[in-house]
Amino acid sequence: MDVSMTLWVLTILGLVALIGADFFIGRKPHDVSVKEAGTWTIVWIVLAALFGLGLLVFGNSQASGEFFAGYITEKSLSVDNLFVFVLIMAKFSVPTHLQQRVLLVGVLIALVLRAIFIAAGAAIIASFSWVFYLFGAFLIYTAWKLIQEARADEEEDDWEENRLLKTVEKKFGVADRYHGTKLFIRTNGKRVLTPLMVVMLAIGTTDILFALDSIPAIFGLTQDPYIVFTANAFALMGLRQLYFLIGGLLKKLVHLSYGLSVILGFIGVKLVLHALHESGVHVPEISIPLSLGVIGGVLVITTVTSLIASRKQARSAGAEAPAAVEDTPKDSVEA
């Protein structure tokens, strides 16, 4: 799709206005209710749907299909971010009334960094078509790695700060407690970071690791930088409210890794086929409607099987608990 500089500017200004409205409405630190999180989640999904329909009306069906496929892919992959966000919040003991502000700024940092990744990826693809082979191979490898981690059944219960974050903390110093929404304070005449600033940086910079597979994945669905950027923007901006909405349900998505591995593997194969086609090899290419159907189908199946498996685990745990009580010696119970 041919996108003018004017459209780019208007799109960015529109996103900034939406983000500003979101920030203004929730500017006062508070605990986010399920109702509020659900309302804003629906708002961002509706906005993404309207944007995709706008591409259909003012652009073409291919651009609209690519946006929806990219948006759904990025949304599903970003859910994996929430697991790490939970760990980061626990690591820094972030007060519940400040978590909304942390996620807003952290996601904005992530969006800026992803924009840089997207620009670099678009430039590389424009210059070297063979990079599709690398992207495809990387996604297939990532898919295999996800399956290995899921089969190992090793739950990550800790999070380690990255080197950049450690360097920033060492250079500026960190206060020993939170000071409301302040990002910097003065201690003994020296300006130091507050824990709030550190956790914002942690969420923003940690997203780089997730961008390493999500950006190549969406480039496997479309090579249009405009669609790649807008799909990422809408997926990330809705992620903050999704954190509060399904935070308690994350542990029930026990098959999520399998679903994401299938999606990444599928897109990896699509990229390799596209690269072969670009090289003059006559191979079938996977269409956008088929991609959209596969991605949506995998997510639905993964969610349903995860909820069924979680329910069975809960029933098994409930059945074992009374048995454990019955097996307890009488003297121990009386004591």
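Relevant structure appears above.
Worth saying up front: this structure is predicted, and the values here are computed from it rather than measured.

The rules we used
- Residues numbered from 1 in each chain as written.
- Predicted model: local features only at pLDDT ≥ 70, side-chain atom pairs only at ≥ 80, totals over all residues.
- Heavy atoms only, no water.
- Helix = DSSP H or I, 4+ residues; strand = E, 2+ residues; numbered from the N terminus.
- Contact = heavy atoms within 4.5 Å.
- Areas by Shrake-Rupley, 256 points an atom, 1.4 Å probe, with all protein chains shown as cover.
- Pairing = 2+ DSSP bridges.
- Patch = residues over 30% accessible without salt bridge, like charges linked within 9 Å, V, L, I, M, F, W, Y side chains within 5 Å.
- Salt bridge = Lys/Arg side-chain N within 4 Å of Asp/Glu carboxyl O.
- Lys, Arg positive; Asp, Glu negative; His and termini not counted.
- Charge placed at Lys NZ, Arg CZ, Asp CG, Glu CD.
- Core = buried A, V, L, I, M, F, W, Y, C linked by side-chain atoms within 4.5 Å.
- Buried < 20%, exposed > 50% of the residue type's maximum accessible area, 1.4 Å probe, protein only.
- Phe/Tyr/Trp six-rings, centres within 6.5 Å; stacked < 30°, edge-to-face > 60°.
- Expected span 1.5 Å × (residues − 1).
- Polar contact = N/O pair within 3.5 Å; in protein donor to acceptor, adjacent residues only side chain to side chain.

Caption draft 1: Broad picture of the overall build of the chain. The helix and strand inventory of the chain stands at 12 helices and two strands. Counting only contacts in the chain whose residues sit at least 6 apart along the sequence, the fraction spanning at least 24 positions is 79%. Of the accessible surface of the chain, which amounts to about 17,800 Å², a share of 65% is contributed by carbon and sulfur atoms.

Caption draft 2: Spotlight on the pairing of strand β1 (residues 184-187). Two strands pair when backbone bridges link them, and β1 and strand β2 (residues 190-193) are joined in this way by four bridges, in the antiparallel orientation. The residue of β2 that forms the bridge with T187 is K190. The turn joining β1 and β2, which pair antiparallel and follow one another in sequence, is formed by two residues; a positive phi near 55 degrees is taken by N188.

Caption draft 3: Region of the structure containing a positive patch on the surface. A cluster of basic residues, K252, R311, K312 and R315, forms a positive patch at the surface. Relative to the helices and strands, R315 resides in helix α11 (residues 288-326).

Caption draft 4: Highlighting the nonpolar core. One finds F67, F92, V94, V102, F219 and F234 to be the most contacted residues of the largest nonpolar core, which totals 85 residues. Among the elements that line this core, the one with the most residues is helix α7 (residues 195-219), at 13 residues.

Caption draft 5: Quick look at the packing of aromatic side chains. In the structure shown here, the tally under the stated rule is 11 aromatic pairs. A centroid spacing of 5.2 Å and a plane angle of 90 degrees characterise the contact between W8 and Y226, whose relative ring orientation is edge-to-face. In this pair, W8 is assigned in helix α1 (residues 5-25) and Y226 in helix α8 (residues 225-237), connecting sequence segments 218 residues apart. Of the residues examined, W8 reaches a relative accessible area of 23% and is grouped as partly exposed. The buried category is assigned to Y226, whose relative accessible area is 3%.

Caption draft 6: Representation of a nonpolar patch on the surface. Where nonpolar side chains cluster on the molecular surface, the patch consists of I42, V46, L50, L53, L56, V57 and F58 and spans about 740 Å² of accessible area. Topologically, L53 is positioned in helix α2 (residues 34-58). Note on L53: relative accessible area 44%, which makes it partly exposed.

Caption draft 7: Structural context of α8. In a regular helix each residue adds 1.5 Å, so 13 residues correspond to 18 Å; α8 covers 18 Å between its end C-alpha atoms and thus fits that length. Among the 13 residues in α8, 12 count as buried, and that is most of the element. Looking at the buried residues of α8, the elements they touch are α1, α2, α3 (61-91), α4 (99-127), α7 and α9 (239-246). The distance from a side-chain oxygen at the start of α8 to the backbone nitrogen of Y226 is 2.9 Å, and the residue carrying that oxygen is D224.

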